[in-house]
Amino acid sequence: MKSLISALLLASATPALAQLPALPKQPPVKVAKPDAALLKAATAEAPAALATLERIVKIESGSYDTEGLMALGNLLADELKARGASVERMKGKPGTRGDIIVGRFTGTGKGKLLLLSHMDTVYTRGQLAETPWRVENGKAYGPGIADDKGGLAVILSALKLLKPADYGQITVAFNTDEEIGSLGSGDLITELARGQTAVLSFEPTSAVPMEGLIAGTSGTNTVTARITGRAAHAGNAPEQGINALVEAANVIAVTKDLDQGQGKRRFNWTQVKQEGDARNMIPDDVTLIGDLRETSDERVRAFEAELKQRVATPSLPGAKVEVTVRINRPAFTADAAGLKLISQARAIYQEAGGPDLFVLPRSGGGTDAAFAARAGVPVLEALGLPGYGYHSSADEYVLIDAIPRRLYLAARLIRELGR
């Protein structure tokens, strides 16, 4: 998931729990007896799910790795066909690598469901050699294994636990650009979600000591400030120039408090780009790029107005600052139907022997759940495997003993919604 659910990552280590936003007390849910046959089948399927996960992890598929994304797409298309799906390979918007794999199953039930996961990871080719697939102490390791290759494996194995009577139609969508904002696939996800009974998204959930679900995600937005000045010789006549780099430092200084902290607006300048690389020349063209997380498009535009006001008067006479804010992925907020899905999932997970899933009101990350929710249908997020280390320098892993209960959860949800 794009900058995957930072607050959930914090929840995976006990010392960091205090950094989480206050979680509201969860209402109790009624837990039924488990479906013994389904739980047995999910437990029996777990080794196959782990084997599938190994195959998926061993194909490197960074967001810009066309070769890897095509290879993984081929594997997933074949796996969906083997389960009886009709498969369509769809192209995203120009610039998108690989094919979006869409599989469709037709059953005899009534409900229509969209299952979402993504093929791309944040890693570049060669990471697998540094952090190879391995299984140790109840954990499976590998780049992208939690975010979101575990989600791919859960979907593929959960499909094997279903019968045609369990659903009217299932659409499975695996996209290739989630980690870079789904700018090429977001509109397609919205269209695929239209008319669905529900959308189930299989981003990872947190690892020990808590496992959770997400009621909201932040919108991801790109903030750009282009600063232009006047070039001059840095040694002979610097006073004849207008130093765009110095003005860029002023922009950073007067906007650093726009970040509001955990659980609120997050804003940080993250990149600096400069035209030219001459050490002995006063720079005249510098661009700052920032990352903005907000809870609505309206709040993004309010932020944009405040940012422009703060930099309207440059500190250096003659310098110019041009600000743009681009909305990439919208924010997601579960509606009443989505909150009901969360309650269903909490009860089902406890049936399978899992913990009561805590509900994070809003994460700092963004996911494809937001594009699906634009279709006006209920969406449930974080049905993937419990994991740790994604989007970090730590070894990424998932908990193997969670696989049976995750398969049970996915299959039971599909049955309840599909029948």
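The rules behind these values
Residues numbered from 1 in each chain as written. Predicted model: local features only at pLDDT ≥ 70, side-chain atom pairs only at ≥ 80, totals over all residues. Heavy atoms only, no water. Axes fitted to C-alpha atoms, helices over the stretch in contact; angles between N-to-C directions. Helix = DSSP H or I, 4+ residues; strand = E, 2+ residues; numbered from the N terminus. Parallel < 35°, antiparallel > 145°, perpendicular 65-115°, else oblique. Left-handed = near helix turned anticlockwise from the far one by under 90°. Contact = heavy atoms within 4.5 Å. Expected span 1.5 Å × (residues − 1). Bend = angle between axes of the 7 residues up to and from the residue. Pairing = 2+ DSSP bridges. Polar contact = N/O pair within 3.5 Å; in protein donor to acceptor, adjacent residues only side chain to side chain. Buried < 20%, exposed > 50% of the residue type's maximum accessible area, 1.4 Å probe, protein only. Phe/Tyr/Trp six-rings, centres within 6.5 Å; stacked < 30°, edge-to-face > 60°. Salt bridge = Lys/Arg side-chain N within 4 Å of Asp/Glu carboxyl O. Nonpolar A, V, L, I, M, F, W, Y, C, P; charged D, E, K, R; others polar.

Draft legend 1. Molecular detail of the packing of helix α2 (residues 36–57) against helix α11 (residues 403–418). It is the contact of α2 with α11, at a shortest axis distance of 8 Å, that shows an interaxial angle of 120°. On the basis of their axis angle, the class for α2 and α11 is oblique. Viewed along their axes, α2 and α11 form a crossing whose handedness is right-handed. Between α2 and α11, the contacting residues are Leu38, Leu39, Ala42, Thr43, Glu45, Ala46, Ala49 and Leu50 on the first element and Ile403, Pro404, Leu407, Tyr408, Ala411, Arg412 and Arg415 on the second.

Draft legend 2. α2, seen in detail. If you check α2, its first and last C-alpha atoms are 31 Å apart, about what 22 residues at 1.5 Å a residue would give, namely 32 Å. Roughly 40° is the biggest bend found in α2, and it falls at Ala46, with proline Pro47 one to four residues downstream.

Draft legend 3. Broad picture of the sheet that holds strand β12 (residues 266–274). Here four strands make up an open sheet; going across it, the order is β12-β13-β11-β14 and the pairing antiparallel. Every other strand in the sheet has two partners, leaving β12 and β14 (320–329) as the edge strands with one partner each. Neighbouring strand axes in the sheet, compared pairwise and without regard to direction, differ in orientation by 20° on average. In the sheet, strand β11 (residues 219–228) pairs with strand β13 (residues 285–294) via 10 bridges, with the strands oriented antiparallel. Across the sheet, the residue bridging to Val223 is Gly290, located in β13.

Draft legend 4. Looking closely at the side chain of Asp147. Along the polypeptide, Asp147 turns up in helix α5 (residues 145–159). Of the polar contacts made by the side chain of Asp147, one reaches the side chain of His118; its length is 3.1 Å. At 3.1 Å, the side chain of Asp147 and the side chain of His391 are in polar contact.

Draft legend 5. Highlighting the environment of Pro317. Counting through the fold element by element, Pro317 comes out in the loop between α8 (297–310) and β14. In this structure Pro317 comes out as exposed when scored by relative accessible area, which is 71%. Each C-alpha atom of the pair Pro317 and Gln262 lies 36 Å from the other, and the pair is 55 residues apart in sequence.

Draft legend 6. Looking closely at unusual backbone geometry. Looking along the chain, the bond that leaves Asp147 and enters Asp148 is cis, with omega of 5°. Within the secondary structure layout, Asp148 lies in helix α5. Although it is not a glycine, His391 adopts a positive phi angle of roughly 60°. Structurally, the position occupied by His391 is in the loop between β18 (386–388) and β19 (397–399).

Draft legend 7. Looking closely at the sheet that holds strand β7 (residues 198–201). With mixed pairing, the six strands of this open sheet are ordered in space as β1-β2-β6-β3-β7-β17. The sheet terminates laterally at β1 (86–90) and β17 (379–380), the two strands that pair on one side only. Two strands pair when backbone bridges link them, and strand β2 (residues 100–106) and strand β6 (residues 169–175) are joined in this way by six bridges, in the antiparallel orientation. Residue pairing in the sheet places Gly103 in a bridge with Val172 of β6. Taken strand by strand, helix α6 (residues 186–193) contacts β1, β2, β3 (112–118), β6 and β7, and its axis lies near 160° from that of β3.

Draft legend 8. Highlighting the packing of aromatic side chains. Using the criterion set out here, one finds four aromatic pairs in the structure. Considering the side-chain rings of Tyr388 and Tyr397, the 5.8 Å spacing of their centres and the 45° angle between planes classify their relative orientation as tilted. For Tyr388, a relative accessible area of 28% corresponds to the partly exposed category. Classification of Tyr397 as buried rests on a relative accessible area of 9%.

Draft legend 9. Molecular detail of the pattern of salt bridges. This structure, assessed with the given rule, holds 33 salt bridges. For Asp401, the salt bridge goes to Arg405, with nearest N and O atoms at 4.0 Å. One network of salt bridges, with partners in common, ties together Asp35, Asp166, Arg415 and Arg419.

Draft legend 10. Main features of the packing of α5 against α11. Remark: α5 packs on α11, axes separated minimally by 9 Å, with the N-to-C direction vectors making an angle of 60°. In this view, α5 runs oblique relative to α11, as classed from their interaxial angle. The chirality of how α5 crosses α11 is right-handed. Only Arg406, Leu407, Ala410 and Ala411 of α11 make contact with α5, whose side of the interface consists of Val154, Ser157 and Ala158. Per-class residue counts for the contact of α5 with α11 are five nonpolar, one polar and one charged.

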